[in-house]
Amino acid sequence: MLDESLLDNPEALSEADRRGLLRGAAEAGARVRTAARHANEAGVADLKPDGRPRAVLIAGPGAAAICVADFLGTLAGAGSPVTRLAPTGVAPAAGALRWELPGWAGSVDLLLIATPDGTEPGLSLLAEQAYRRGCTVAAVAPARTPLAEALEAAHGLFVPMATAPYEEDTPLAASAPGVLWALLTPLLALLDRIGLLAAPPDALEKVADRLDHIAERCGPAIATYSNPAKTLAAELADALPVVWTEGTSAGPAGRRFAAALAELAGRPAVVAELPEALSWHNALLAGPLAASADPDDFFRDRVEEAPAMHARVVLLRDRPSGGLSAAPAARELALSHDTPISELEPEAGDELDNLAELIAITDFAAVYLALASGA
């Protein structure tokens, strides 16, 4: 059950935030600036690339690497294929995971490694394998880790991950807001330098400013009625989030939101892009999870029994190209099944700014949901 009174109690939220999640969300803009500075100090700005790589391969554990690969692939478009290397192993533990390069990978390809840990033997072995194949290697990970030593041996580019002092003694959740921006920002700067996407220093500064703006709108001191992240968290209290996305930037933001809900708040969610979502989820909205299904029993014991979980559509929109939008049809479908709908749309900006805003608001919402439900 969600304790909605906690949402408007900043002191109680701070006490409940033992993992520093809310602080990480609030400091996202500062994390971008620090990570950009680390990338510059590591020599990214001085690189003189010999053209674009044939393919970009991304390796790393869990949700962090999945989200980074998703974002970079979306922003790079068709310039170079961006492929995540999925690990194998018997357990999701650092020592049990292994990564392998595709058989075709060679000197014209680029390997990016992103991890908030850096102690994974499999990633160090992957860097060595890439060096033997002639692949260019770059990594973002905590400083003074085995992976940093492996990158030096492989003559690769290593960027120390931007971490906060309160994170040094705590295992980092892969979906934590600070982790995402600490890993993503240096790779944005690197791929901008290579020419795969547009993320120059002034664009990264704009992203940091946008994240600061969202932190002011969604911070713990802002009341729920005027705080879009707290409002969304309260709306999802007893709901199954059915996340529908529209527009280039909204797709990875929606998948990131589902990952954060699962890891941080322990909540399931389903995600699909419009307009296909209308057919994929039609049966879901018409089934037992529909708001109109299994109406509240007047004689139900409201103290002993938890309320039934029903679907709630969360529509994340970036402005679609060509002005064509499936949003009206999405609203009509949801309302025809008595399913409530929440909508988020970023302020006007470029693709990277829009992506940052959608990520920031949904990150705050996932954190508030986690804290208020005791996850």
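Residues numbered from 1 in each chain as written. Predicted model: local features only at pLDDT ≥ 70, side-chain atom pairs only at ≥ 80, totals over all residues. Heavy atoms only, no water.

- Per an unreviewed UniProt entry, the chain goes by Mannose-6-phosphate isomerase and derives from Streptomyces cinnabarinus.
- Taken verbatim from the UniProt record of the chain, the Sequence similarities (unreviewed entry) comment is "Belongs to the PGI/PMI family." (UniProt positions renumbered as here; feature names shortened; annotations may be inferred.)

**Section: the overall build of the chain**
Here is step 1: In terms of regular secondary structure, the chain is built from 15 helices and 9 strands.
Here is step 2: For 375 residues, the compact-globule estimate of 2.2 N^0.38 gives 21 Å, and the C-alpha radius of gyration of the chain, at 21 Å, lies within 12% of that figure.
Here is step 3: For the chain, the C-alpha atoms occupy an extent of roughly 70 × 45 × 45 Å along the three principal directions.
Here is step 4: Within the chain, the proportion of its 375 residues that are buried is 53%.
Here is step 5: Of the contacts formed within the chain by residues at least 6 apart in sequence, a portion of 77% connects residues at least 24 apart.
Here is step 6: Carbon and sulfur atoms make up 54% of the accessible area of the chain, which totals about 16,100 Å².
Here is step 7: Both charge centroids of the chain, one from 28 positive and one from 50 negative side chains, sit 5 Å from each other. (Helix = DSSP H or I, 4+ residues; strand = E, 2+ residues; numbered from the N terminus. Rg over C-alpha atoms; globule rule 2.2 N^0.38 Å. Buried < 20%, exposed > 50% of the residue type's maximum accessible area, 1.4 Å probe, protein only. Contact = heavy atoms within 4.5 Å. Areas by Shrake-Rupley, 256 points an atom, 1.4 Å probe, with all protein chains shown as cover. Lys, Arg positive; Asp, Glu negative; His and termini not counted. Charge placed at Lys NZ, Arg CZ, Asp CG, Glu CD.)

**Description of the pattern of salt bridges**
Side chains that differ in charge, positive against negative, can pair when their charged atoms come close.
Here is step 1: Scanning the entire structure with this criterion turns up 18 salt bridges.
Here is step 2: With its nearest N and O atoms 3.4 Å apart, the salt bridge here joins R317 to E345. Here E345 lies in the loop between strand 9 (341-344) and helix 15 (351-372) and R317 lies in strand 8 (residues 310-317), a separation of 28 residues in the sequence.
Here is step 3: A relative accessible area of 13% places R317 in the buried class.
Here is step 4: Given the relative accessible area of 43%, E345 is considered partly exposed. (Salt bridge = Lys/Arg side-chain N within 4 Å of Asp/Glu carboxyl O.)

**As for the sheet that holds strand 6 (residues 239-246)**
Here is step 1: The sheet built from 4 strands is open, its strands ordered 7-6-8-9 with parallel pairing. This sheet does not close on itself; its edge strands, each paired only once, are strand 7 (270-273) and strand 9. Geometrically, the sheet is characterised by an average inter-axis angle of 20 degrees between neighbouring strands, direction not taken into account.
Here is step 2: Note: strand 6 against strand 8, 8 bridges, orientation parallel. Along strand 8, the bridge assignment pairs A239 with H310.
Here is step 3: Along the sheet face, helix 10 (residues 228-235) touches strand 6, strand 8 and strand 9 and points at about 155 degrees away from the line of strand 9. (Pairing = 2+ DSSP bridges. Axes fitted to C-alpha atoms, helices over the stretch in contact; angles between N-to-C directions.)

**Remarks on the environment of I359**
Here is step 1: Among the structural elements, I359 can be located in helix 15.
Here is step 2: Overall, the relative accessible area of 0% leaves I359 in the buried class.
Here is step 3: Expressed as a C-alpha distance, the spacing of I359 and E263, which sit 96 residues apart in the sequence, is 15 Å.
Here is step 4: In this structure I359 touches F71, L180, W181, A253 and R256, once residues within four positions along its chain are discounted.

**Topic: unusual backbone geometry**
Here is step 1: Omega for the bond connecting L274 with P275 falls within 30 degrees of zero, at 5 degrees, which places this linkage in the cis form.
Here is step 2: By secondary structure assignment, the location of P275 is in the loop between strand 7 and helix 12 (277-280).
Here is step 3: Non-glycine residue R144 carries a positive phi angle of around 55 degrees.
Here is step 4: With respect to the helices and strands, the residue R144 is situated in the loop between strand 4 (136-141) and helix 7 (146-153).
Here is step 5: On the basis of relative accessibility, which here comes to 78%, the residue R144 falls in the exposed class.
Here is step 6: For D338, which is not a glycine, the phi torsion comes out positive at approximately 55 degrees.
Here is step 7: Following the sequence through the fold, D338 ends up in the loop between helix 14 (327-336) and strand 9.

**Structural notes on the side chain of R267**
Here is step 1: Checked against the element boundaries, R267 lands in the loop between helix 11 (250-265) and strand 7.
Here is step 2: The buried charged residue R267 lacks any salt bridge partner; its closest oppositely charged side chain belongs to D238, at an N-O distance of 5.6 Å.
Here is step 3: Among the polar contacts listed, one links the side chain of R267 to the backbone oxygen of L236, at a separation of 3.2 Å.
Here is step 4: With residues near it in sequence (within four places) discarded, R267 still touches L236, A237, A239, L261, A262, L369 and S373. (Polar contact = N/O pair within 3.5 Å; in protein donor to acceptor, adjacent residues only side chain to side chain.)

**What to know about the nonpolar core**
Here is step 1: With 88 residues, the main nonpolar core has L72, L112, W181, L188 and F257 as its most contacted residues.
Here is step 2: In terms of residue count, helix 15 provides more of this core than any other element does, 16 residues in total.
Here is step 3: Dropping the residues within four chain positions of it, F257 is found in contact with L232, L236, V243, V314, T362, A365 and A366.
Here is step 4: With 21 residues, the next largest nonpolar core counts L97, V137, L147 and L151 among its residues. (Core = buried A, V, L, I, M, F, W, Y, C linked by side-chain atoms within 4.5 Å.)

**Observations concerning the sheet that holds strand 5 (residues 157-160)**
Here is step 1: Judged by pairing direction, the sheet is parallel, and its 5 strands sit side by side in the order 2-1-3-4-5 without closing on themselves. For this open sheet the edge positions go to strand 2 (82-85) and strand 5, each flanked by a neighbour on one side alone. With strand direction ignored, the average angle separating the axes of adjacent strands in the sheet is 20 degrees.
Here is step 2: Across 5 bridges, strand 3 (residues 110-114) lies against strand 4 in parallel orientation. Counted as the bridge partner of I113 is A139 from strand 4.
Here is step 3: Along the sheet, helix 6 (residues 121-133) contacts strand 1 (56-59), strand 2, strand 3 and strand 4; its crossing angle with strand 3, the most-contacted strand, is approximately 165 degrees.

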